[in-house]
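One-letter residues, chain by chain:
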Amino acid sequence: MADHDVLIIGAGFAGLYQLYKMRELGFTARVVEAGPEVGGTWYWNRYPGARCDIESIEYSYSFDPELQREWNWTERYAAQPEILTYIRHVADRYDLRRDIDFDTRVVAMEFDESADEWAVTTDDGTRTSARFVIAATGCLSVPTAPHFEGLENFAGEVLRTWEWPLEGADLAGKRVAVVGTGSSGLQTITAIAPTVGHLTVFQRTPPYAVPAQNRPIADELAAVKERYPEFREVSRLTRGGAQCGEGLAYPPFFPDLDTDAANAELGRRWEGGGLCYQQAFYDLLLDPEANDLAAEYVRARIRDKVTDPTVAEKLTPRSYPIGAKRMCVDTGYYEVYNQDNVTLVDLTEEPLRRITERGIVAGDTEHEVDVIVLATGFDAMTGALDAIDIRSGERTLRDKWADGPRTYLGLMSAGFPNLFTVTGPQSPSVLSNMLTSIEYHVEWISNALEHLRSQGLTRMEPDPEAEDDWVNATNDTADLTLFPEAASWYMGANVPGKRRVFLPFVGGVGIYKQIGDGVAIANYHGFECA
Ligand code: FAD
Ligand code: NAP
């Protein structure tokens, strides 16, 4: 008999809700969390300026009507401290901590065929067993941490956005370098530019950033609270798991608009703020012409905002379609480059050669700094699973996924029974409001476990043919889009040696939910249950 019905790995948004559901259904469950606190992403990424890029009204749990009625978000896009406070509140409100082992990392798991259970080993050498394991390990929880020659010789301080010091960092008056201009770099740069002595930004690929139009949201929140349950129902059926203020209405198709109307739509989206800019045209990531116009609109705004035309040009993305890498949501990013204390180094012109005791050498110039901030990103979607030695029979999951992940619905992988992944590869996950996708997966998995129990069954895994079909469907649909044209983390392109495969399911949250619901209603079609 296994020690636990369910072992959950990770105590972020996903793991906490999974624990709540397991308790509600009467399963014995234990959570193992590598960190010392709940929160996952929002515990680790404490860098200055960190905040969500999905509106707080949507980027929050919906499972408890009282929780969403009582909680008051202060801003349209909540900052990291407020999100972490919220997650801690959830952990305390439902007394979740008593079933969590903190500071403990799962390092290995082996499936025991004779007992239909997993033997799980943690980094303190403890072994435990569970009938089911649910990996709530996060899509962006393992940094790539690229090797920079000489980093170990740097005499100053090295900070990493993904494990910012708990006590914070005093950067006032210092010479600071930031390497990386994705969302983490961009938020850090914007937040620290006013107070550092000198800021040198090392940019390899410029992002497309749209203004957040962040603001206090007391009135909006009060209005949504009046109809929160219906509001959430609508979000679950949208493409991105959030509504962009327009419910289920389809964005216009680009060919239906003349150039003036298309530009007007882009202007409206730009003024509205946030990632909803991508919703300007339904086919923005399908039609290269639509994409070009949307990209050109942003390029023109960069020229408007940055006074030095040479710097503006360096900041202008041209090498990939807009939206094909995760767009950034900014609060005054481009304006930072008008400050006298900020220098932009374009690494495509002056490659980053090495790090010295004094600073960073790019091209022929040594930039002397006191602090280096690395904002270089994550081994997305598969990194946390690859980091665990997951074995079933003769195979490891790592080997099985060497040429790209293979899953059915992003929930399970054939040959690895009783192992579920929350927001796993080949599910909408990172292309959506993650809270919508997390809740859907947690509820789907919980229903599946209840189904097995009610039938007296102890084992579930995908049928290999159903998995093949799903892998082909996810790859084929991604190939219809412009996503594969960017060397993005969606494609695994930011990790040397990682197979380039589009990792999430591109078909949208609403369609995915209909497929997932259909599979469950059809007696878990495509799964073998025994
Ligand atoms: P995580 O929050 O990543 O939690 C996973 C947990 O698992 C971690 O605490 C980790 O320590 C633990 N873990 C992993 N492996 C092991 C192991 N082997 N043993 C034990 N513990 C383990 N998404 C959005 O939709 N909107 C946003 O605005 C947004 N902003 C983001 C900002 C940042 C800086 C980052 C990095 C990501 C952001 N995301 C955003 C994505 C974000 O990761 C998700 O929204 C969400 O927080 C993920 O929750 P999770 O519980 O699935 O994973
Ligand atoms: P990222 O988007 O992958 O950005 C990493 C940056 O580091 C890129 O500019 C990359 O350049 C650069 N880089 C990587 N390796 C480098 C090297 N060896 N030399 C020089 N530059 C290098 O990572 P992230 O900013 O941490 O964001 C990851 C994801 O987390 C986001 O896309 C988003 O989904 C989420 N996130 C969201 C928010 C938010 O707004 N709520 C904030 C942070 C993160 P290249 O582009 O050339 O590879």
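The structure presented is a predicted model; accordingly, all values stated were derived computationally and were not measured. (Residues numbered from 1 in each chain as written. Chains lettered and ligands numbered in written order. Predicted model: local features only at pLDDT ≥ 70, side-chain atom pairs only at ≥ 80, totals over all residues. Heavy atoms only, no water.)

Engineer: It is not clear to me how the site of ligand 2 should be interpreted in this structure. Could you clarify?
Structural biologist: Not every one of the 24 residues close to ligand 2 is listed here, only the nearest: R51, S184, R204, T205 and K325. Here an oxygen atom of ligand 2 sits 3.4 Å away from a polar atom, N or O, in the main chain of G182. Contacts to ligand 2 include R326, whose side-chain N or O atom sits 3.5 Å from an oxygen atom. For ligand 2, whose unbound accessible area comes to 900 Å², protein coverage reaches 86%. It is helix α5 (residues 183-192) that provides the largest number of residues to the shell around ligand 2, a total of three residues. (Near = heavy atom within 4 Å. Polar contact = N/O pair within 3.5 Å; in protein donor to acceptor, adjacent residues only side chain to side chain. Areas by Shrake-Rupley, 256 points an atom, 1.4 Å probe, with all protein chains shown as cover. Helix = DSSP H or I, 4+ residues; strand = E, 2+ residues; numbered from the N terminus.)

Engineer: What's the story with the packing of aromatic side chains in this structure? I'm lost.
Structural biologist: Aromatic ring pairs are described here by two measures, namely the spacing of the ring centres and the angle between the planes. Tallied over the full model, the rule gives 39 aromatic pairs. On the basis of an interplanar angle of 80 degrees and a centroid distance of 5.2 Å, the ring pair of F13 and Y61 is categorised as edge-to-face. Separated by 48 residues along the polypeptide, F13 in helix α1 (residues 13-25) and Y61 in the loop between α2 (41-44) and α3 (65-70) bring together distant segments of the chain. Y61 carries the same exposure label as F13, and that label is buried. Each member of the aromatic cluster is reached from another via a ring pair, and the members are F13, Y17, Y20, W42, Y59, Y61, F63, W71, W73, Y86 and Y94. The side chain of R46 reaches across the aromatic face of Y43, ending 4.6 Å from its centre. Looking at K325, its charged tip hangs above the ring of Y320, at a distance of 5.4 Å from the centre. (Phe/Tyr/Trp six-rings, centres within 6.5 Å; stacked < 30°, edge-to-face > 60°. Buried < 20%, exposed > 50% of the residue type's maximum accessible area, 1.4 Å probe, protein only. Lys NZ or Arg CZ within 6 Å of the ring centre and 35° of its normal.)

Engineer: Which parts of the structure should I look at to understand the site of ligand 1?
Structural biologist: Neighbouring ligand 1 are 32 residues, the closest being E33, T41, D53, Y59 and M434. In the environment of ligand 1, an oxygen atom lies 3.4 Å from a nitrogen or oxygen atom belonging to the side chain of W42. Within the contact set of ligand 1, a nitrogen atom lies 2.9 Å away from a backbone nitrogen or oxygen of V106. Here ligand 1 has 980 Å² of accessible area as a free molecule, and 95% of this is covered by the chains. Looking at the shell around ligand 1, the elements with two or more residues in it are α1, α2 and α13 (434-455). Ranked by residue count, the leading element in the shell around ligand 1 is α2, at three residues. Among the residues forming the shell around ligand 1, the class breakdown is 18 nonpolar, eleven polar and three charged. (Nonpolar A, V, L, I, M, F, W, Y, C, P; charged D, E, K, R; others polar.)

Engineer: Explanation requested: the sheet that holds strand β14 (residues 359-362) in the structure shown.
Structural biologist: Here we have three strands laid out as an open sheet, ordered β13-β14-β15, and antiparallel in their pairing. In this open sheet, the two edge strands, each paired with only one partner strand, are β13 (352-355) and β15 (365-368). Adjacent strand axes in the sheet meet at a mean angle of 25 degrees, parallel and antiparallel pairs treated alike. Of the pairings in the sheet, the one linking β14 to β15 comprises four bridges and is antiparallel in character. Residue pairing across strands places A362 opposite T365, the latter belonging to β15. (Pairing = 2+ DSSP bridges. Axes fitted to C-alpha atoms, helices over the stretch in contact; angles between N-to-C directions.)

Engineer: Got a minute to help me understand the pattern of salt bridges in this structure?
Structural biologist: Pairs can form between side chains of opposite charge once their charged atoms are near each other. According to the stated counting rule, one finds 38 salt bridges in the structure shown. In this structure, R98 engages D99 in a salt bridge whose closest nitrogen and oxygen atoms are separated by 3.8 Å. Given the relative accessible area of 52%, R98 is considered exposed. Across the salt bridge formed by D304 and R301, the nearest N and O atoms sit 3.0 Å from each other. (Salt bridge = Lys/Arg side-chain N within 4 Å of Asp/Glu carboxyl O.)

Engineer: Would you mind showing me how to read the domain arrangement of the protein here?
Structural biologist: Many authors give the size of an interface as the accessible area that is lost as the parts come together. Once the domains are mapped, the protein shows domain 1 (4-142 + 379-529) and domain 2 (209-374). Distance between the C-alpha centres of domain 1 and domain 2: 27 Å. Carbon and sulfur atoms supply 54% of the area that domain 1 and domain 2 bury against each other, a total of about 3,200 Å² over both sides. When the buried surface of domain 1 facing domain 2 is broken down by residue, I57, R76 and L482 rank first, second and third, together holding 24% of it. Taken together, the connections running from domain 1 to domain 2 amount to one salt bridge. A salt bridge links D53 to R326; the nearest nitrogen and oxygen atoms lie 2.9 Å apart. Seen at the junction of domain 1 and domain 2, the total is 28 residue pairs in polar contact (both at pLDDT 80 or more). (Domains from an automatic or database assignment. Buried area = accessible area lost by both parts, 1.4 Å probe.)

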